[in-house]
Amino acid sequence: WSKQIQGLILSAYFYGYILTQIPGGWLSLKFGAKRVLGIAMLMGSIGTILASPMARLGYGYLIAIRFLTGLFHVLKQNIKTKNYATYNVNYLIQFV
């Protein structure tokens, strides 16, 4: 693949990642962190597993699966950040 196609493949993950920053936090508040984290881990893992077969089908398929993997991976990050912030606030309140 050309350098341009390689760049698209690498950036597709981050385009998906950017789109679900705010909706990811909202989903974890609405449906619960445990449920959203489980679904995000499952779908992100499936996307990672499917990356190699999609590459064999063509770079368009690989770009699509990388984009979808990015959509789900950001959900994991949002939940970790939310829980970490909640833990730190609770810890500081108990400490004071």
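These numbers come from a predicted model, not from an experiment.

Conventions used here
- Residues numbered from 1 in each chain as written.
- Predicted model: local features only at pLDDT ≥ 70, side-chain atom pairs only at ≥ 80, totals over all residues.
- Heavy atoms only, no water.
- Helix = DSSP H or I, 4+ residues; strand = E, 2+ residues; numbered from the N terminus.
- Contact = heavy atoms within 4.5 Å.
- Phe/Tyr/Trp six-rings, centres within 6.5 Å; stacked < 30°, edge-to-face > 60°.
- Buried < 20%, exposed > 50% of the residue type's maximum accessible area, 1.4 Å probe, protein only.
- Lys NZ or Arg CZ within 6 Å of the ring centre and 35° of its normal.

Asks: Got a sec to walk through the side chain of threonine 69? Specific residues and values, please.
Replies: With respect to the helices, strands and loops of the structure, threonine 69 is situated in helix H4 (residues 59-95). Ignoring any residue separated from it by four or fewer positions in sequence, one finds threonine 69 in contact with Tyr13, Gly44, Gly47 and Thr48.

Asks: So, the packing of aromatic side chains: which residues are in play, and what are the values?
Replies: Each aromatic ring pair is described using two quantities: the centre-to-centre distance and the angle formed by the ring planes. The final tally for this structure, using the stated rule, is three aromatic pairs. On the basis of an interplanar angle of 75° and a centroid distance of 6.4 Å, the ring pair of tryptophan 1 and tyrosine 59 is categorised as edge-to-face. Separated by 58 residues along the polypeptide, tryptophan 1 in the segment before helix H1 (3-19) and tyrosine 59 in helix H4 bring together distant segments of the chain. A relative accessible area of 54% places tryptophan 1 in the exposed class. Look at tyrosine 13 and phenylalanine 14: their rings are 5.1 Å apart centre to centre, the planes differ by 85°, and that puts the pair in the edge-to-face class. Ring pairs connect the aromatic residues Tyr13, Phe14 and Tyr17, which therefore count as one cluster. Taking the ring centre of phenylalanine 31 as reference, the NZ or CZ of lysine 30 above it sits at 5.8 Å.

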